[in-house]
Every structure is written in structure tokens, then in C-alpha cells.
Amino acid sequence: MKPLITILMALLVPLQLASQTSRLRHRLAKADSLLSVRYYRQGYDTNYIFRPPGKAMLRLVYNLSGAVLEAESHYSVEPYRSYAEADYKGTLSAALTYKGVTLSMALNPGALIGKYKDYEFNLNSYGNKFGFDIIYQYARNFKGWLKRSDEPRIDIPTDLLSLKTLNLNGYYVFSHRRFSFPAAFSQTFMQRRSAGSWMLAASYQGQYLKIRPDDQLGNKSVSLQVANLGIGGGYGHNFVLPHKWLLHLSFMPTLIVASSTHMTLDDAKEELHYRFPEVIVTGRTALVHYWQRTFIGATGVVTFTNIGSPRHLEVRNVKWRFRTFWGIRL
């Protein structure tokens, strides 16, 4: 009896594997069909923008990013100004895109050899109609200076301050049938004729700044918590140039409509009330050159924030990212 059961099991295992494989193929085919419907849906004017040939695309990208933090205050008896810049962060990444869905991997050479200990996360989605950026940074390697009244500048120790920043930027394009953000930033579309559009924009910035006490500088322990929500709009334009060049420029300022800021000096916590207006401004640019199946390009995104007043505390932030890339359509 046992040999018979063993034979039956040996016969059933290939059938089960074949059944599982068939179900997996069916699910993959269904998912691919749904991707095709979404990818080739024509909600745009093909006289201006169109889908490039091929279903897949490989891009090799070099990313370089940085941050600048400036502060000015006349709140205390002794006014001061400060400037701090985080170490540049460079990464290499490879991205494979299939019907608009991208899988990417990034490598930071500086982190591998112990020269870079900060952390950054970027998530971007650029569509013809909607799009957003999610940028999170934890930076500790700042270099800069501090100046009190008429005294000479004092160098800031590299481990004096740490900064956690979350930037969220979103947009809605009015003329999305003729103007394509992806043509400039993800190459999942191509711009056939020059076009531009007005846009709605929303921005959020959350920050947590921590400054440790230092005997040489004579400062106390300070922490600053900031949350800002901005609403506004702007304009973007894709210029289709001769010899298969594409130039993109866009500018989207937002006015801060909700703000919450708290500063803690040693153990004393105080809510800071700022002046009107305060702004978060996002600027983007891109330059792309196409051949038959390959392309090269560069993009830049800069977010500038200005909050507060020098009478109490004014804080200015600049967060930027620059990319160069090479791609091929498969």
C-alpha cells in the first residue's frame, strides 16, 4: 500500500506545480493587461505629446544633493547670524521602467567607505495631470559659521547641529493634454511641440533642528520644531528645440497658510509667531537630448523656504537635488 501512495504522490506533485504555474501566469498576464490599459490610455493631445516606442526603459543616474540652513535673530540681547551647509550626497542608481512602473536601486560610494553618515530618501511621481515629490533628509555633517554683533565669524563644529527635514511638493497641471512633466523628468512621454501650462501647487515642510551646547561658542541647548503648509501655483514650459533637445523650466511658489513653530531653549519651550507672508518656493529645470533609442539629460529641483522675522528668528532653507542620466528604450 505504501509504495502505491508514494507513486500517486509523485504523480500529483508535477500536476500541482503545473497548476500553480498556470495560475501565476494568468495573474501576471492580467496585471500586464491592466498596466497596458493604464499606460496607453489617451487622455492627451498626440499633436503635442506621445508615448515613446517600446514598453521598457533602462536608466543609469548620478544623483547629487545638498542643503543649506541660514538663521538670523535679534531676539536675544546679542543678535547673531549663522550659515550652515550639509555635506554633498552623491549616489549612483539604476532604474528599470516597464509601462510606467519603475524599480530602482541606489548606491552611495561615500557611505560604503564611511565618509557619509547622513540619510536621504526621495520618492517622485511625475504625471501629466498630477505629480509629487517626497524628500526626507537627516543631516548631521554641517559646516558653517556663526557671527554675533560685530565680532569675527566663528566656525561651527561639524557635530554641533542635526537637522531632520520632510518636504512634500504636489502639483496639478491645467493644460495636461499638451504639456508633459514626465517628458522632462521620467521620459515616459515625449514632447512633440513646445507647450506650457499654469499649475496649482501645494507644499509642506516639517523640520526638527537640534543644536547641542558648546563651551567654545557659549551657546545653550536649542531645539526648533517647524511645520508649514503652503498653497499656491505657478507656471511650467517645455521648449522643444532643434536637433531633438528638450528644455523644461517651471516655478511654483506657495504661500504658507498654516504654521506651527516651537523653540526649546534648555528646558524652556516657547511658541514662535511669525510675520506674513512666508513662502515655500519650488523650482525645476531639465534638459534632455534624444537619439533613436537612447537619450541623455540632466534635471534639477530646488526648494526654498523663508519663515520668521529677523526681529525674533528668521530661518531660510535651501534643499536641492541635481541629476544626470543616460537611458535606453528596450
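Residues numbered from 1 in each chain as written. Predicted model: local features only at pLDDT ≥ 70, side-chain atom pairs only at ≥ 80, totals over all residues. Heavy atoms only, no water.

**Overview of the overall build of the protein**
Reasoning step 1: Regarding its fold elements, the protein presents three helices and 18 strands.
Reasoning step 2: Looking at the 330 residues of the protein, the share that counts as buried comes to 42%.
Reasoning step 3: Considering only intrachain contacts with a sequence separation of at least 6, the fraction spanning at least 24 residues in the protein is 68%.
Reasoning step 4: Total accessible area on the protein is roughly 18400 Å²; 62% of this is exposed by carbon and sulfur atoms. (Helix = DSSP H or I, 4+ residues; strand = E, 2+ residues; numbered from the N terminus. Buried < 20%, exposed > 50% of the residue type's maximum accessible area, 1.4 Å probe, protein only. Contact = heavy atoms within 4.5 Å. Areas by Shrake-Rupley, 256 points an atom, 1.4 Å probe, with all protein chains shown as cover.)

**Comments concerning the environment of Asp133**
Reasoning step 1: Counting through the fold element by element, Asp133 comes out in strand β7 (residues 130-139).
Reasoning step 2: Taking the C-alpha atoms as reference, Asp133 lies 9.7 Å from Val301; in sequence the two are 168 residues apart.
Reasoning step 3: Setting aside residues up to four positions removed in sequence, Asp133 forms contacts with Leu123, Asn124, Tyr126, Asn167, Leu168, Asn169, Arg284 and Val301.
Reasoning step 4: Separated by 2.7 Å, the side chains of Asp133 and Asn124 make a polar contact. (Polar contact = N/O pair within 3.5 Å; in protein donor to acceptor, adjacent residues only side chain to side chain.)

**Quick look at the side chain of Arg51**
Reasoning step 1: With respect to the helices and strands, the residue Arg51 is situated in the loop between β1 (49-50) and β2 (56-73).
Reasoning step 2: Note on Arg51: relative accessible area 18%, which makes it buried.
Reasoning step 3: Looking at Arg51, its side chain comes within polar contact range of the main-chain oxygen of Thr188, at 2.9 Å.

**With respect to the environment of Phe325**
Reasoning step 1: As for its position among the elements, Phe325 is in strand β18 (residues 313-329).
Reasoning step 2: Residue classification places Phe325 among the buried residues on the basis of a relative accessible area of 6%.
Reasoning step 3: Distance from Phe325 to Gly297, taken between C-alpha atoms, is 5.5 Å for residues 28 residues apart in sequence.
Reasoning step 4: In this structure Phe325 touches Arg59, Leu60, Val61, Gln187, Val288, Phe295, Ile296, Gly297, Ala298 and Thr299, once residues within four positions along its chain are discounted.

**Re the side chain of Thr165**
Reasoning step 1: Within the secondary structure layout, Thr165 lies in strand β10 (residues 161-173).
Reasoning step 2: Thr165 sits in the buried class, given a relative accessible area of 5%.
Reasoning step 3: Separated by 3.4 Å, the side chains of Thr165 and Gln207 make a polar contact.
Reasoning step 4: In contact with Thr165, other than residues within four places in its own chain, are Ile135, Tyr136, Gln137, Gln205, Gly206 and Gln207.

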